[in-house]
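Overview (structure and organization)
Residues per chain are reported as follows:
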Amino acid sequence: MHDIRYDPVHDEILVTNPFALALLVFRGGATGEEAPVRVIQGLRTQLIGSASGGSNRVYRLEVDPIHNEILVPNGDSILVFPREASGDVAPVRVIRGAATQLTDANTLAVDPMHDLIVVGDEDRPVALKVFNRTDNGNVKPRAIIAGPKTGLLSMGQIATYPPKGWILVCQPGKSGSEEDRGGVFLGVWSVFDNGDVPPRWKIGEGKGGLKRPRGVTFDPKHREVMVADMRLNAILTFYFPEIF
Amino acid sequence: MCCLRRFTGNLRLVVLISLIGTAGYVLVVGRTTRPAMIAASQQALRRPVGRPQLVRSESRASSDGEMCEWMPVNGQVTLASAIQHQGRLNTDPAGQGDEERTSIDADRAPIRIIRDSFPTYSAVAVDLKSNEVYLQDENLFGLKIFNRLDDTPPAARFTEPKRTIGGLETRLEFNCALYVDPKTGDVYSVNNDTVGLMTVFPHDAKGNVAPMRSLKTPHGTFGIAVNEEAQELFLTVQHDNAVVVFRKTAEKDEAPIRLLQGEQTRLADPHGIALDSKNNLLFVTNHGSVHQVIPPKKPRAAGSGKPNWPSGRLDGPVPGSGKFNPPSITVYPLKASGDTPPVHVIEGPKTQLNWPSTLALYPDRGELFVANDTGDSILVFRTTDNGDIPPLRVIKGPKTGLSYPTGLFADTKNGELWAADMGNHSATVYPLTANGDVAPLRTVRSAPLGKAALDIGNPGAAAYDSKRDEILVPN
């Protein structure tokens, strides 16, 4: 598993299985060796994932509980499935084609309030590409956040906080050394951002103690952001009231 | 909590107003006599009682919501309902133009950290010459070396290792398999995910030292086995459903000399590997997740165009070709290559296989040991077994101390079977003939007794379950 999402409306947990090119949905309280309630897998799904995950293909996913959809970054495309889909089902929408500028879509998040999809594309230059939520086919992104000022070198999990229009992005830093990688931070952009713009806020390697952050989620009730750090094998929780 | 805070704030305001009023009255009126004050108070329907009194009450100015903003019981559900009922933002909430934008350095210390501070062992190997046991720590990274006969007393907090190998120079991170050369004592350690190297250390290595040699491996290698007679080194490759064979002393960018890969092989998320050079057999455990790969049309950058490099990384899977196969042990001729089908397959519900990981052989008895990770057990099969057959023996139960065993080593010299337990910071030792719910002969424990491992390993994501106030972490 390389991604996990919780659907608070339907009390379900969603994960990927990269090797079996599958999306698994579990009930919210699942524990132990419990079978998923639904599996999306098969030739009609077109699931292939992203090349940057190596053979770790179907890498990440996102759930939109408001519009009842599951979204998957799929290399050269974004696949959208009905949330309740099960088995070998075709996506209801596919964003794909030269105009999309998608070459290695590896991570994404949906903002159901602003009707936007934010996609992390790992191909050079690494970029956040923003699409309308209901886009379909060969469509241009409405915004591309990329360039040296962004500090984006690679991307982990992305999350959005729709009431404020924030995009939270894990930046695990330069490849190479297991530590001292440089460029490690959790960055916050706005869905209104476009171009070569730095994040609005950054939590980094200093006081933040981040080594290789790859996962991010948040608890708006307590105004906290949780970061999964793979080098530390740890979850770090930050009080971050500015964004809530 | 917010209501209590507001009440306390009002009370303080009232007390303050009362004190200021009293002091001001005294200052303004000057030497007013006590009878005059009493008369004035009575006139104002107040009596002196020796403590501050309510003079006047006013509501506080409305707050900006920072302190006592209404907060729902379930933040996420309300977030969802807010999304359904509120309008979207139409302007940039920060109101900054892109041109002058700079980042706000919001760096701060975390208020909480969930992290296991003890080693978690993924693999075990014994140096029978030095009587030392090597444990691979996949939580804090590195190798911990103990005496073979170390046994942590129940009252002890943990056993200190004789020495450790770890640190950035070692390139040890998320390593999952070990091999100790029976002649030289050199230690081979296989990285699974992040570094892409198999590293080799001399038997007396200690501390933060560079490996004596390293070999670039395909991404997602897991198991290791060595054919000492043929001087060949075998590695399983999870991500590409393959087995690659190198010269035993291969290093740097050297290419594999053989590759076993393809649909006929039935390799599916392969993990453990064991060799029977006497009977010329190769055994592999499979978790079962698999997809088809597109055959390469050109040399791949990932393998620098090396021969026998497994396809899959850049050529990619066939879209939608993923499948869940049952967990299995597939058996091949020792020199198998290409898309060779297995000669035997141990698979089915009677086998009890459940995420079968490391394999070990006891050739004299023709027995195959399986670290059965999520089964919390060690399964023993005959090397000639085939099909859906029950194990010959099963080590499982509360007395065994087994908890998510992933590593295994058969010490045929001393008649012992070692397990590395990912779930409890321990390695446990049994007789090679053990069966059932048996207590270990010895336990090397690296955390206080009963302390379960957090098992956060290589976390790539997180989710917050607002209903249960829980953080979900995939590994």
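Per-chain numbering applies: the sequence of each chain, read as written, is numbered from 1 onward. Labels are handed out in written order, letters beginning with A for the chains and numbers beginning with 1 for the ligands. At least 70 in pLDDT is required for a residue's local features to be given in this predicted model, at least 80 for side-chain atom pairs to be given and counted, and no such filter applies to totals for whole chains, interfaces and linings, which use all residues. To get the side-chain values, all heavy atoms of the structure are used, and hydrogens and water are removed first.

A look at the overall build of chain B
Numbering of helices and strands starts at the N terminus; helices are DSSP runs of H or I of at least 4 residues and strands are runs of E of at least 2. In terms of regular secondary structure, chain B is built from three helices and 30 strands. Counting only residues that meet the buried cut, chain B has 49% of its 475 residues in that class. Pairs of residues are marked as contacts when any of their non-hydrogen atoms sit within 4.5 Å. The long-range fraction of contacts in chain B, counting pairs at least 24 apart against all pairs at least 6 apart in sequence, stands at 54%. In the structure as shown, chain B presents an accessible area of about 22400 Å², 54% of it carried by carbon and sulfur atoms. Note on exposure labels: buried denotes an accessible area under 20% of the residue type's maximum, exposed denotes more than 50%, and partly exposed covers the range between, all computed with a 1.4 Å probe on protein chains only. Residue-level accessible areas treat just the shown protein chains as cover; the underlying method is Shrake-Rupley with a 1.4 Å probe.

Some thoughts on the overall build of chain A
When helices and strands are tallied, chain A shows zero helices and 19 strands. Its C-alpha atoms give chain A principal-axis dimensions of about 45 × 45 × 35 Å. Every one of the 244 residues in chain A was classed for burial, and the buried ones make up 69%. Counting contacts in chain A only where the partners sit at least 6 residues apart, residues at least 24 apart contribute 50% of the total. Here chain A has roughly 7100 Å² of accessible surface; of this, 50% comes from carbon and sulfur atoms. Looking at chain A, you have 27 positive and 29 negative side-chain charges, and the mean spots of the two groups are 4 Å apart. Only four residue types enter the charge count: Lys and Arg as positive, Asp and Glu as negative, with His and the chain ends excluded. Charged groups are reduced to one reference atom each: NZ for lysine, CZ for arginine, CG for aspartic acid, CD for glutamic acid.

A closer look at the confidence of the model for chain B
Residues and elements named next belong to chain B. Chain-level statistics for chain B give a pLDDT mean of 85 and a share of 77% at 70 or above. For every residue, the pLDDT score states the predictor's confidence, bounded by 0 at the bottom and 100 at the top. Throughout residues 1–32 the model reports pLDDT below 50, and contacts reaching past four residues in sequence, or to other chains, amount to 16 contacts. Considering only residues more than four positions removed or in separate chains, one finds that residues 58–76, a stretch of pLDDT under 50, has 26 contacts. Here the complex is predicted with pTM 0.87, and the ipTM for its interfaces comes to 0.97.

Side note on the sheet that holds strand β25 (residues 405–411) of chain B
Within a sheet, neighbouring strands are paired by backbone hydrogen bonds and run either parallel or antiparallel to one another. All names here are of chain B. The criterion for strand pairing is that DSSP finds at least two bridges linking the strands in question. Across the sheet, four strands lie side by side as β25-β26-β27-β28; this open sheet has antiparallel pairing. Of all the strands in the sheet, the pair left with one neighbour each is β25 and β28 (442–445). The sheet shows a mean angle of 15 degrees between the axes of neighbouring strands, taken without regard to direction. Relative to β28, strand β27 (residues 426–431) runs antiparallel, the two sharing four bridges. Among the inter-strand pairings, Ser426 is bridged to a residue of β28, identified as Arg445. To define axes, lines are fitted to C-alpha atoms, for helices over the stretch in contact only, and angles between the resulting N-to-C directions are given on a 0 to 180 degree scale.

Remarks on the sheet that holds strand β20 (residues 344–347) of chain B
Residue and element names in this part refer to chain B. Across the sheet, which stays open at both edges, the four strands sit in the order β15-β16-β19-β20 with antiparallel pairing between neighbours. Either end of the sheet is taken by a strand with one partner, and the two such strands are β15 (270–276) and β20. Taken pair by pair, the neighbouring strands of this sheet meet at an average axis angle of 15 degrees, ignoring direction. Alignment of strand β16 (residues 281–286) against strand β19 (residues 328–333), held across six bridges, turns out to be antiparallel.

Re the interface of chain A and chain B
At the interface, 93 residues of chain A touch 93 residues of chain B. Roughly 7500 Å² of surface becomes buried between chain A and chain B when both sides are summed, with 57% attributable to carbon and sulfur atoms. Accessible area that two parts lose when put together, evaluated with a 1.4 Å probe and summed over both, is termed the buried area. It is A:Phe19, A:Arg200 and A:Asn233 that lose the most area in chain A upon contact with chain B, and together they represent 11% of the buried surface on that side. Salt bridges are defined as contacts in which a side-chain nitrogen from Lys or Arg sits within 4 Å of a carboxyl oxygen from Asp or Glu. Put simply, chain A and chain B have six salt bridges between them. A salt bridge links A:Asp11 to B:Arg468; its shortest N-O distance comes to 2.8 Å. At the level of secondary structure, the elements contributing two or more residues to the side of chain A that touches chain B comprise β1 (4–7), β2 (12–17), β3 (22–27), β15 (185–190), β16 (201–204), β17 (213–219), β18 (224–229) and β19 (234–239) of chain A. Residues are grouped as follows: Ala, Val, Leu, Ile, Met, Phe, Trp, Tyr, Cys and Pro are nonpolar; Asp, Glu, Lys and Arg are charged; all remaining types, including Gly, are polar. Classifying every residue of the side of chain A that touches chain B by side-chain character gives 44 nonpolar, 25 polar and 24 charged. Strand direction decides the pairing type here: β19(A) and strand β2 (residues 112–115) of chain B, joined by four bridges, are antiparallel. Bridge assignment links A:Ile235 to a residue of β2(B), and that residue is B:Ile114.

Brief notes about the packing of aromatic side chains
To describe a pair of aromatic rings, you give the distance between the ring centres and the angle between the ring planes. Residues and elements named next belong to chain A. Two aromatic rings from Phe, Tyr or Trp, using only the six-membered ring of Trp, form a pair when their centres are within 6.5 Å; if the ring planes differ by under 30 degrees the pair is stacked, by over 60 it is edge-to-face, and anything between is tilted. Applying the stated criterion across every chain yields a total of nine aromatic pairs over all chains. For the pair Phe185 and Trp189, a centre-to-centre distance of 6.4 Å together with 50 degrees between the ring planes defines the contact as tilted. You'll find Phe185 and Trp189 in the same group, each marked buried. These aromatic residues form a ring-pair network of at least three members: Tyr161, Phe218 and Phe244. The ring of Phe185 has Lys202 lying over it, and the distance from NZ or CZ to the ring centre is 4.6 Å. Charge-over-ring contacts are defined here by two conditions on Lys NZ or Arg CZ: a distance within 6 Å of the ring centre and an angle within 35 degrees of the ring normal.

Describing the nonpolar core
Among the nonpolar cores identified, the biggest contains 24 residues, and B:Val124, B:Val133, B:Leu135, B:Leu143, B:Ile165, B:Leu178 and B:Trp418 are the most heavily contacted of them. Counting residues per element, the ones that place at least two in this core are β3 (121–127), β4 (132–137), β5 (142–147), β7 (175–180), β26 (416–421) and β27 of chain B. For this core, the element with the highest residue contribution is β3(B), accounting for five residues. When neighbours within four sequence positions are excluded, B:Leu178 is seen to be in contact with B:Ala123, B:Val124, B:Ala125, B:Tyr134, B:Leu135, B:Gln136, B:Leu143, B:Val187, B:Tyr188, B:Ser189 and B:Ile224. We call a set of buried Ala, Val, Leu, Ile, Met, Phe, Trp, Tyr and Cys residues a nonpolar core when their side-chain atoms join them within 4.5 Å. Listed in part, the 23 residues of the second largest apolar core include A:Ala159, A:Trp166, A:Cys170 and A:Leu232.

Topic: the environment of A:Leu21
Structurally, the position occupied by A:Leu21 is in the loop between β2 and β3. Judged by relative accessible area, which is 0%, A:Leu21 ranks as buried. The contact partners of A:Leu21, leaving out residues within four places of it in the chain, are A:Ile40, A:Gln41, A:Leu47, A:Ile48, A:Arg57, A:Val58, B:His291, B:Pro317, B:Val318, B:Gly320, B:Ser321 and B:Gly322.

Things to note about the pattern of salt bridges
Applying the stated criterion to the full structure yields 37 salt bridges over all chains. Notably, a salt bridge pairs A:Glu62 with A:Arg5, separated by 3.5 Å at the nearest N-O pair. Separated by 57 residues along the polypeptide, A:Glu62 in strand β5 (residues 62–64) and A:Arg5 in strand β1 bring together distant segments of the chain. Owing to a relative accessible area of 7%, A:Arg5 belongs among the buried residues under this scheme. For B:Arg393, the salt bridge identified is with B:Glu367, shortest N-O distance 2.8 Å. Note that B:Arg393 is positioned in strand β24 (residues 393–396) and B:Glu367 in strand β22 (residues 367–372), a separation of 26 residues in sequence. Residue B:Glu367 is classed as buried on the basis of its relative accessible area, which comes to 3%.

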